[in-house]
Amino acid sequence: MHYVKAIYQLIINLFLRQLLTGLLMRSFALAGPFFALSTVTYAQSQSIQMNTNTRDQINQGGLDIPKTGTLYGISGPAGKTIGDPYLDTTWQVGNVKFYGKILNTSDSLGGVPVRLDLMNHDVEIQAGANDIRSAKAPSVRYVVVNNKMGTTNQFINVREYRGEADALSGFFEQVSLGKMTLLEYPSIYVKRANFNAAMNTGSKDDELIKKFDWYVAHDGRAAKFSANKKAILELMADKKDQIDVFLKTEKPDLKSKSGLTKVFSYYNKL
């Protein structure tokens, strides 16, 4: 009797074990897609977050690229030079006086189209439609050229003066001649490109900017001059009262070339 009961109990245990195994397998089968979906969703969420962080770091300039790698940007077009080096790009008829003879015949050229290159301190001479000759400043004593006003401008080599002129190259324009000569020194200032590739800011272009500085020559020596009333009265101290009256009555614009010319022309006639 005990033997039969033991066999009966064994059969029941086997049946329950198979039933439990089947239920577990079915549960894993149903739960599998959920776990897979959760894994993919997590991976996608992690990937999107990483991309956002990378973009933010690049925008803020804080992305540290390893030395073994390279991050390329778009360079864009190359820079260029803006502006021209000429006092006046238009050819003007003029006379050129040299320090020595040219072609062993003469020390001057008359009635030829000329223009001044302020960058290289050259006098360019148009010898023909497609023939341009260049004379270096040290070889030219002076140049007289026609202007758009129907008069002429005279440019004299800075070597003709001493003092602060010793540090210069090129030419002075003799604006007003006399015991106190007003000179204007034209030159070129190069504003260099300041493009920052990392920040994509600034300019890639060099810019040629024309400068005009005033000088005053007395007894063959030139000195830089600031164009204002106080400086003029100190400069012309021997005729201070007359100049003061002239400035009050005529009210010349001391910031303009024509205004300064009036003052110096008046002084040189006293």
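Being a predicted model, the structure only gives us computed values, none of them experimental.

Trainee: Account for the pairing of strand β7 (residues 152–157), with residues named and values stated.
Mentor: Bridging between strand β6 (residues 140–146) and β7 involves 5 bridges; their strand directions are antiparallel. Opposite Tyr142, over in β7, you have Ile156 as the bridge partner. Linkage of β6 to β7, two consecutive antiparallel strands, is achieved through a turn of 5 residues, within which Gly150 is found at a positive phi near 90°. Looking at chain direction, β7 and strand β9 (residues 171–176) are connected through 3 bridges and run antiparallel. Considered in β9, the bridge of Ile156 is made with Phe172.

Trainee: An account of the side chain of Asn157 is needed here, citing residue identities and associated values.
Mentor: Among the structural elements, Asn157 can be located in strand β7. Looking at Asn157, the relative accessible area reads 2%, which means it is buried. From its side chain, Asn157 meets the backbone oxygen of Val140 in a polar contact 2.9 Å long. For Asn157, the residues in contact, after removing those within four places along its chain, are Tyr99, Ala137, Pro138, Val140, Arg141, Gly170 and Phe171.

Trainee: I'd like a rundown of the packing of helix α3 (residues 240–250) against helix α4 (residues 257–269), residues and numbers included.
Mentor: Two elements in contact, α3 and α4, have axes separated by 11 Å at closest approach and are oriented at 145°. Both α3 and α4 take part in a crossing whose hand is right-handed. Two secondary-structure elements touch here, α3 through Gln242, Ile243, Phe246 and Leu247 and α4 through Lys262, Val263, Tyr266 and Tyr267.

Trainee: Help me get a handle on the pattern of salt bridges, residues and values and all.
Mentor: All chains considered together, the criterion is met by 13 salt bridges. Linking Lys210 and Asp84 is a salt bridge whose minimum nitrogen-to-oxygen distance equals 3.3 Å. Taken together, the positions of Lys210 in strand β11 (residues 206–218) and Asp84 in the loop between β1 (81–82) and β2 (92–102) put the pair 126 residues apart, joining distant regions of the chain. Assessed through its relative accessible area of 30%, Lys210 is described here as partly exposed. Between Lys257 and Glu173 there is a salt bridge, and its shortest N-O distance comes to 2.7 Å. Here Glu173 lies in strand β9 and Lys257 lies in helix α4, a separation of 84 residues in the sequence.

Trainee: Before we move on, can you summarise the pairing of β11 with the specific residues and values?
Mentor: Pairing analysis gives 2 bridges linking β1 to β11, with the strands arranged parallel. Looking at β11, one finds that Thr81 is bridged to Asp206. Where strand β10 (residues 181–191) lies against β11, 11 bridges are found, and the strand directions are antiparallel. Bridged to Lys191 within β11 is Glu207. Sheet analysis places β11 next to strand β12 (residues 221–224), joined by 4 bridges and oriented antiparallel. Along β12, the bridge assignment pairs His218 with Arg221.

Trainee: Before we move on, can you summarise the packing of aromatic side chains with the specific residues and values?
Mentor: Scanning all chains against the criterion turns up 6 aromatic pairs. Measuring from ring centre to ring centre gives 5.3 Å for Phe172 and Tyr215, while their planes differ by 55°; the resulting arrangement is tilted. Here the residue Phe172 occupies a position in strand β9, and Tyr215 occupies one in strand β11, the gap between them amounting to 43 residues. The pair Phe172 / Tyr215 is uniform in exposure class, with both members buried. Between Phe246 and Tyr266 the ring centres are 4.3 Å apart and the planes differ by 10°, which places this aromatic pair in the stacked class. With Phe246 in helix α3 and Tyr266 in helix α4, the pair connects residues that are 20 residues apart, well separated along the chain.

Conventions adopted
Residues numbered from 1 in each chain as written. Predicted model: local features only at pLDDT ≥ 70, side-chain atom pairs only at ≥ 80, totals over all residues. Heavy atoms only, no water. Pairing = 2+ DSSP bridges. Helix = DSSP H or I, 4+ residues; strand = E, 2+ residues; numbered from the N terminus. Buried < 20%, exposed > 50% of the residue type's maximum accessible area, 1.4 Å probe, protein only. Polar contact = N/O pair within 3.5 Å; in protein donor to acceptor, adjacent residues only side chain to side chain. Contact = heavy atoms within 4.5 Å. Axes fitted to C-alpha atoms, helices over the stretch in contact; angles between N-to-C directions. Left-handed = near helix turned anticlockwise from the far one by under 90°. Salt bridge = Lys/Arg side-chain N within 4 Å of Asp/Glu carboxyl O. Phe/Tyr/Trp six-rings, centres within 6.5 Å; stacked < 30°, edge-to-face > 60°.

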